[in-house]
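# A closer look at the structure
The residues making up each chain are set out below.
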Amino acid sequence: MFEAMAHSVPCLAMRADGVRFFNANDEIINADIDGFLANNDAEFVKLLSYLISHPEVISAAGVAAQAKMRRHHSWGSHLDRYENLFDRLLSVRRT
């Protein structure tokens, strides 16, 4: 999913329901902004049909998906989070 989004390809995925689907898709995808989430099989088919006939919606979501990946999942952002974590751990240890 991350690789696709990084290349401006938004994802259509199933939302976790705790019964059939166990995933973190709704934690990664902002529905109808940088990807698409369906709650069940019928909704997935309906949404897929809609997206096939509206490529401009896919394109806009792809741009948003790539921007999100650059903001939150670049190497720089990962390194920043690690540095912040280490700073917090060291400050807790000093007190």
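Overview of the structure. The structure displayed is predicted, hence computed values, not measured ones. Along each chain, the written sequence defines residue order, and numbers are assigned to residues from 1. Where totals are concerned, whole chains, interfaces and linings use all residues; where local detail is concerned, this predicted model gives features only for residues with pLDDT of at least 70, and gives and counts side-chain atom pairs only at 80 or more. Note that the side-chain values use all heavy atoms of the structure and ignore hydrogens as well as water.

## Things to note about helix α4 (residues 55-72)
Between its first and last C-alpha atoms α4 spans 25 Å; for 18 residues at 1.5 Å apiece the expected length is 26 Å, and the two agree. Partly exposed describes any residue whose relative accessible area lies between the buried limit of under 20% and the exposed limit of over 50%, with all areas from a 1.4 Å probe on protein chains only and scaled to the type maximum. We count a stretch as a helix when DSSP gives it H or I for four or more residues in a row; a strand needs E for two or more, and each element gets its number in order from the N terminus. Within α4, the full set of buried residues consists of Ala 61, Gly 62, Ala 65, Gln 66, Lys 68 and Met 69. On an axial view of α4, the arc spanned by its buried residues comes to 160°, and they lie on one face. Exposed side of α4, more than 90 degrees from the buried face: Val 63, Arg 70 and Arg 71 are the residues found there. In what follows, a contact means two residues having at least one pair of non-hydrogen atoms within 4.5 Å. Of the surrounding elements, those touching the buried residues of α4 are α1 (2-6), α2 (25-28) and β2 (36-38). Given a helix with a known number of residues, its expected span is that number minus one, times 1.5 Å. Starting at the helix axis, one direction is taken to each C-beta atom, and the arc is that of these directions.

## Some words on the nonpolar core
Take the buried Ala, Val, Leu, Ile, Met, Phe, Trp, Tyr and Cys residues and link them wherever side-chain atoms come within 4.5 Å; each set so joined is a nonpolar core. Grouped together as the largest cluster of nonpolar side chains are eight residues: Met 5, Cys 11, Ala 13, Ile 28, Ile 29, Leu 37, Ala 65 and Met 69. The contact partners of Met 5, leaving out residues within four places of it in the chain, are Cys 11, Ile 28, Asp 34, Gly 62, Ala 65, Gln 66, Lys 68 and Met 69.

## Thoughts on unusual backbone geometry
Positive phi outside glycine occurs at Ser 8, with the angle close to 65°. Positionally, Ser 8 belongs in the loop between α1 and β1 (12-14). The phi angle at Asp 32 is positive, at roughly 65°, despite the residue not being glycine. For Asp 32, the position within the fold is in the loop between α2 and β2. Given the relative accessible area of 58%, Asp 32 is considered exposed.

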